[in-house]
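For reference, the chains in residue letters:
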Amino acid sequence: MSVMYIIDQGAHLTKRGNRLVVEKMGNPIQEVHAFKVDQVVLMGNIQITAPTIAFLLQEGIDTVFLSFYGKYRGRLVARFGKNILLRKAQFDRMGDHRFSLGLAKRYVAGRLQNQRVLLRRHNNELKDEVIRSAIHNIRMMLERIESQESFDALRGVEGKGTASFFRGFRRAVRVEDMPFKERSRRPPRDPVNVLLSFGYTLLANVVQTAVDVVGFDPFMGCLHAVDYGRPSLVLDLMEEFRPVLIDSLVLRVINRGVITSKDFIRQQDVEPPPPGVELESPSMEDYPILLSHVGMKKFIAQFESRLREKVFYLPTERRIRFREVVLEQARLLARHVRGEEAYEPYRMR
């Protein structure tokens, strides 16, 4: 799948024939044939013309709108999925307490197992007692999953396991000028948390695409309670992939110096906009520490590279890219909902 990210503030997306063209200050800065693009992601103040919107809908190119700070705003939808039989089965099965609790346990097990593997990999070299303790605590939480009889109790197990994970994760960050104390989200309080939050936003977009392709209703999940506007199923499916695609990537880009403290800015030092460009004004909900434009480009490139990496996928017994793994897991979930096959989360090896 080819994704076209547009993050240059003040840019315009237009079409010329069958090409998508990004212009800024009247000059083309990016141009690509539409048949090479499966998805367009517009971040922040990007202008798009009505004929271009019609063209994207006509060509079935998924188009996603994010704020400059990575918050999901919405997407262009040409038509609602036709798979009413799958959505009916989804609502019927998710409404069954036993079925949905059992599925929620698989999601939690997937996340905790992958967190444990990630820490174990790092500790093979570090030999750190805090990480060793975190691995042990996560294993204890894994053993408690099956005995939980309510969603709240299950979420409590996940919360304790994840808290242990981030205590170990902190010790795996080996860069002195980018310390990580604990997970903070609203707002992220340090550069590492900024990267984690931004990465989870990108991951949500990938999972949402897979959910749409398979034909699920993204708002009907089980581990994450149904609420107005909450894509519960997307959040559910994300769980097993957070350690695999984001937590591991954040450690990689930091520890290898791909992204450094120089790639972040504080709100009082906001980059001045280019001449003739009007930037969005940060709101109270926006981050006090921000990833710079250059840092954002570097992280997106690393994220896409991670999605293109191939791994052995047991259900199909062949090596496929991570983006395909996400889609295959959504398809496996569809078979599980239809009663054809048991759902098992993707596991790191």
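Below or above, wherever it landed, is the structure these notes cover. (Residues numbered from 1 in each chain as written. Predicted model: local features only at pLDDT ≥ 70, side-chain atom pairs only at ≥ 80, totals over all residues. Heavy atoms only, no water.)

### As for the packing of aromatic side chains
Under the criterion given, the structure shown has 9 aromatic pairs. Residues Y107 and Y343 carry aromatic rings whose centres are separated by 5.9 Å and whose planes lie at 65° to one another, so their mutual orientation is edge-to-face. Separated by 236 residues along the polypeptide, Y107 in helix α3 (residues 97–126) and Y343 in the segment after α10 (322–337) bring together distant segments of the chain. Measuring from centroid to centroid gives 6.0 Å for F166 and F180, while their planes differ by 50°, and the two rings are tilted. Placement of F166 in helix α5 (residues 151–172) and of F180 in the loop between α5 and α6 (191–214) is noted, with a sequence separation of 14 residues between them. Across the pair, exposure class does not vary: F166 and F180 are buried alike. In this structure an aromatic cluster arises from ring pairing among F165, F166, F169 and F180. K15 extends its terminal NZ or CZ atom over the ring of F55, reaching a point 5.0 Å from the ring centre. Positioned above the aromatic ring of Y200 is the side chain of R242, whose terminal nitrogen or guanidinium carbon lies 4.7 Å from the ring centre. (Phe/Tyr/Trp six-rings, centres within 6.5 Å; stacked < 30°, edge-to-face > 60°. Helix = DSSP H or I, 4+ residues; strand = E, 2+ residues; numbered from the N terminus. Buried < 20%, exposed > 50% of the residue type's maximum accessible area, 1.4 Å probe, protein only. Lys NZ or Arg CZ within 6 Å of the ring centre and 35° of its normal.)

### Remarks on the sheet that holds strand β4 (residues 27–33)
If you trace the 4 strands from one edge of the open sheet to the other, you get β4-β3-β2-β6, paired in mixed fashion. Single-partner strands in this sheet number two, and they are β4 and β6 (47–48). Where strand β3 (residues 19–24) lies against β4, 6 bridges are found, and the strand directions are antiparallel. Bridge pairing links R19 to H33 in β4. (Pairing = 2+ DSSP bridges.)

### Concerning the nonpolar core
In terms of nonpolar packing, the biggest core is built from 91 residues, with F169 and F299 touching the most fellow members. When neighbours within four sequence positions are excluded, F169 is seen to be in contact with L119, F180, V192, L196, D247, V250 and L251. Core analysis: the next-biggest nonpolar cluster, separate from the first, contains 16 residues, I6, A11, V40 and L76 among them. (Core = buried A, V, L, I, M, F, W, Y, C linked by side-chain atoms within 4.5 Å. Contact = heavy atoms within 4.5 Å.)

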